[in-house]
Amino acid sequence: EVQLVESGGGLVQAGGSLRLSCAASGFTFDDYAIGWFRQAPGKEREGVSCISSSDGSTYYADSVKGRFTISSDNAKNTVYLQMNSLKPEDTAVYYCAAGFPESGLDSSWYDYWGQGTQVTVSS
């Protein structure tokens, strides 16, 4: 019953923008933190950003600070990742996940994962 569904990925030129969505169902949304992770070709999974649905606190990886913004709409059980000034190195499959992290971008603390959405940034 627990489901996380990502959407909004696509192909964009360097410098462009995309907004990803993560729609959650089957659990009490505002009890969880929601994180965004990505898996790029030839690289390990990387934490990107996370948000606490209860108090709205956020965390960003250094590589995306100033370019990406995470937000939540608790009424819609949805978390967004606004990605601006995209670079080719942002190309990856992006996943959202729900859990109770002690360290915000440590994937081992997340229990539920979506199927991923592909983001491709061309040069």
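The structure under discussion appears in the preceding block.
Enquirer: Help me understand the pattern of salt bridges, please; the structure alone is not making it clear to me.
Expert: The full count for this structure, using the stated rule, is four salt bridges. The shortest N-O distance in the salt bridge between D90 and R38 comes to 3.0 Å. Within this pair, whereas D90 is found in the loop between β8 (78-83) and β9 (92-99), its partner R38 is found in strand β4 (residues 33-39), the two being separated by 52 residues in sequence. Here R38 falls in the buried class, since its relative accessible area comes to 6%. Bridged by salt links that share partners, the residues R38, E46, R67 and D90 form one connected network.

Enquirer: Looking at this structure, I do not really get the environment of C50. What am I missing?
Expert: Looking at the secondary structure, you find C50 in strand β5 (residues 46-52). Those residues within four positions of C50 in sequence are excluded, and the remaining contacts are I34, G35, S57, T58, Y59, I70, G104, L105 and Y110.

Enquirer: What's the story with the side chain of R67 in this structure? I'm lost.
Expert: Turning to its location among the elements, R67 is positioned in the loop between β6 (58-60) and β7 (68-73). Owing to a relative accessible area of 11%, R67 belongs among the buried residues under this scheme. If near-sequence neighbours (up to four positions away) are discounted, R67 is found in contact with Q82, M83, N84, S85, L86, K87 and D90.

Enquirer: Where do I start with the layout of surface pockets in this structure?
Expert: Unoccupied space between atoms shows up once a probe the size of one water molecule is rolled over them. Of the pockets and cavities examined, the largest pocket occupies roughly 170 Å³. In this structure, the largest pocket is lined by 17 residues; those nearest its centre are A33, I51, S52, S57 and P101. Taken together, the residues that form the lining of the largest pocket break down as seven nonpolar, seven polar and three charged.

Parameters and conventions
Residues numbered from 1 in each chain as written. Predicted model: local features only at pLDDT ≥ 70, side-chain atom pairs only at ≥ 80, totals over all residues. Heavy atoms only, no water. Salt bridge = Lys/Arg side-chain N within 4 Å of Asp/Glu carboxyl O. Helix = DSSP H or I, 4+ residues; strand = E, 2+ residues; numbered from the N terminus. Buried < 20%, exposed > 50% of the residue type's maximum accessible area, 1.4 Å probe, protein only. Contact = heavy atoms within 4.5 Å. 1 Å grid on protein atoms, 1.4 Å probe; cavity = no way out; pocket = protein on both sides within 12 Å on 5 of 7 lines; lining within 4 Å. Points joined across faces, edges and corners; volume = space filled by probe spheres on them. Nonpolar A, V, L, I, M, F, W, Y, C, P; charged D, E, K, R; others polar.

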